[in-house]
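Analysis of the macromolecular model
The chain contents come next:
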Amino acid sequence: QERFDRRRYVEIKHGRICQLAFLGQITTRAGFHLSGDIDYSGDSFDSFPNGLAALFGPDAIPQAGFAQIFAFVGLLELGVMK
């Protein structure tokens, strides 16, 4: 029973993450972006493309920014959402 409960919890968590990812994709493709600048050099949130182009395209976010996002999500996964 304990193993089943753990798998149920993980499945619900992953389902919620997928729902948030879907909503984020839909809202940014619809043209809604956060206002303001994403960094101190003046790049705004809407200056980056949508979807995978934001990670791998010529106008992609810097690799250091991608590493920060990846590390933060890993920290949440390993430390907070056990």
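Scroll up for the structure.
Since the model is a prediction, treat every value here as computed from it, not as a measurement.

Rules used throughout
- Residues numbered from 1 in each chain as written.
- Predicted model: local features only at pLDDT ≥ 70, side-chain atom pairs only at ≥ 80, totals over all residues.
- Heavy atoms only, no water.
- Salt bridge = Lys/Arg side-chain N within 4 Å of Asp/Glu carboxyl O.
- Helix = DSSP H or I, 4+ residues; strand = E, 2+ residues; numbered from the N terminus.
- Patch = residues over 30% accessible without salt bridge, like charges linked within 9 Å, V, L, I, M, F, W, Y side chains within 5 Å.
- Areas by Shrake-Rupley, 256 points an atom, 1.4 Å probe, with all protein chains shown as cover.
- Buried < 20%, exposed > 50% of the residue type's maximum accessible area, 1.4 Å probe, protein only.
- Contact = heavy atoms within 4.5 Å.

This paragraph deals with the pattern of salt bridges. In total, this model carries one salt bridge according to the counting rule given. Ionic pairing is found between Lys 13 and Glu 77, a salt bridge with its closest N-O pair at 2.7 Å. Taken together, the positions of Lys 13 in helix H1 (residues 2-29) and Glu 77 in helix H3 (residues 63-80) put the pair 64 residues apart, joining distant regions of the chain.

Moving on to a nonpolar patch on the surface. On the surface, Ile 69, Phe 72, Val 73 and Leu 75 cluster together into a nonpolar patch covering about 410 Å² of accessible area. Counting through the fold element by element, Leu 75 comes out in helix H3.

Within the element layout of this structure, Asp 37 appears in the loop between H1 and helix H2 (53-56). When its relative accessible area of 52% is taken as the criterion, Asp 37 is described as exposed. Between the C-alpha atoms of Asp 37 and Met 81, which are 44 residues apart in sequence, the distance is 29 Å. In this structure Asp 37 touches Gly 42, Asp 43, Ser 44 and Phe 45, once residues within four positions along its chain are discounted.

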